[in-house]
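Residues per chain, in single letters:
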Amino acid sequence: LATPASLPLNADFPAIGFTRVAPLTVCLATPGAAAQDTGEGGDEAALAAVRAATGQWVEAFNARDPARIAALYAPEAVFWGTISPTVRTTPEAVFDYFADSVRRRPRLRIDLGEAHVRLYGETAVDSGVCTSLDPRAEGTFATPLRSTFVYRRVGDRWITVAHHSSRVATPP
């Protein structure tokens, strides 16, 4: 199995290297809700469920199933995709983004990396890094990405209400 350090960088972004990246921070104002993490004695079951929700997204993405991916988003979700020229705010627009991704790069995969999960009552944030792996005839191209998923608890399920993904910026 190839590791990110052994993979060629995406030819479209040759200056991007694999470096440790500070996660994108998202601040939510929820009265009376303190941030919780495993290091702060957080609700382990809820944290595990949020991590599992992100894992379900990765599984659906790696299966290249746009309907399965889109089903993980709330109807009112806001999605800003890695290569999207616009923000997506309807279920149809989220589906279209991923259907187009499957058409353009049917073998693209995501490999999760460092993640930071926070709980704010019935809302959770999972911010971290991952690697986009794009197998091509000339080899697999790896692109480091950063992402943030914002989830809302609905019953026993965590549903995506906001999602942002972008390429890791080249250091100045």
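What you see is a predicted model, and the numbers here were worked out from it, not measured in a lab.

Asks: Which residues make up the sheet that holds strand β2 (residues 109-120), and what are the values?
Replies: What holds strands together in a sheet is hydrogen bonding between their backbones, with the strands either parallel or antiparallel. Pairing within the open sheet is mixed, and its five strands lie in the order β1-β5-β4-β3-β2. Only two strands of the sheet have a single partner each, and these edge strands are β1 (73-80) and β2. Averaged over all pairs of adjacent strands, the angle between their axes in this sheet comes to 20°, without regard to strand direction. Note: strand β3 (residues 123-136) against strand β4 (residues 139-154), 14 bridges, orientation antiparallel. Across the sheet, residue T131 finds its bridge partner in β4, namely P144. Strands β1, β2, β3, β4 and β5 (157-167) of the sheet are contacted by helix α1 (residues 44-62), whose axis makes an angle of about 155° with β2.

Asks: Got a sec to walk through α1? Specific residues and values, please.
Replies: With 19 residues, α1 ought to run about 27 Å at 1.5 Å a step, and its terminal C-alpha atoms sit 26 Å apart, in line with that. For α1, the complete set of buried residues consists of A46, L47, V50, A53, T54, W57, V58, A60 and F61. Looking at where α1 begins, the residue whose side-chain oxygen comes 3.2 Å from the main-chain nitrogen of A45 is D43.

Asks: Now, about helix α3 (residues 91-104): what can you tell me, with residues and values included?
Replies: Across its 14 residues, α3 extends 20 Å between first and last C-alpha, which sits within 8% of the 20 Å expected from 1.5 Å per residue. For α3, the set of buried residues is A93, V94, Y97, F98, A99, S101 and V102. In this structure, the buried side of α3 is in contact with α1, α2 (66-70) and β1.

Asks: Explain the confidence of the model for the protein to me, using residue names and the numbers behind them.
Replies: With 76% of its residues at a pLDDT of at least 70, the protein reaches an overall mean of 82. Confidence over residues 1-41 falls short of pLDDT 50; this stretch has 71 contacts with residues more than four positions distant or in other chains.

Asks: Describe the packing of aromatic side chains, and please don't skip the residues or the numbers.
Replies: Enumeration over the complete set of coordinates arrives at 10 aromatic pairs. Aromatic pair W57 and F149: ring centres 5.3 Å apart, planes at 65°, arrangement edge-to-face. In this pair, W57 sits in helix α1 while F149 sits in strand β4, placing the two residues 92 residues apart along the sequence. Through pairs of rings, three or more aromatic residues link up here, namely W57, F61, Y73, F79, Y97, F98, F149 and Y151.

Thresholds applied
- Residues numbered from 1 in each chain as written.
- Predicted model: local features only at pLDDT ≥ 70, side-chain atom pairs only at ≥ 80, totals over all residues.
- Heavy atoms only, no water.
- Pairing = 2+ DSSP bridges.
- Helix = DSSP H or I, 4+ residues; strand = E, 2+ residues; numbered from the N terminus.
- Axes fitted to C-alpha atoms, helices over the stretch in contact; angles between N-to-C directions.
- Contact = heavy atoms within 4.5 Å.
- Expected span 1.5 Å × (residues − 1).
- Buried < 20%, exposed > 50% of the residue type's maximum accessible area, 1.4 Å probe, protein only.
- Polar contact = N/O pair within 3.5 Å; in protein donor to acceptor, adjacent residues only side chain to side chain.
- pLDDT = per-residue confidence, 0-100.
- Phe/Tyr/Trp six-rings, centres within 6.5 Å; stacked < 30°, edge-to-face > 60°.

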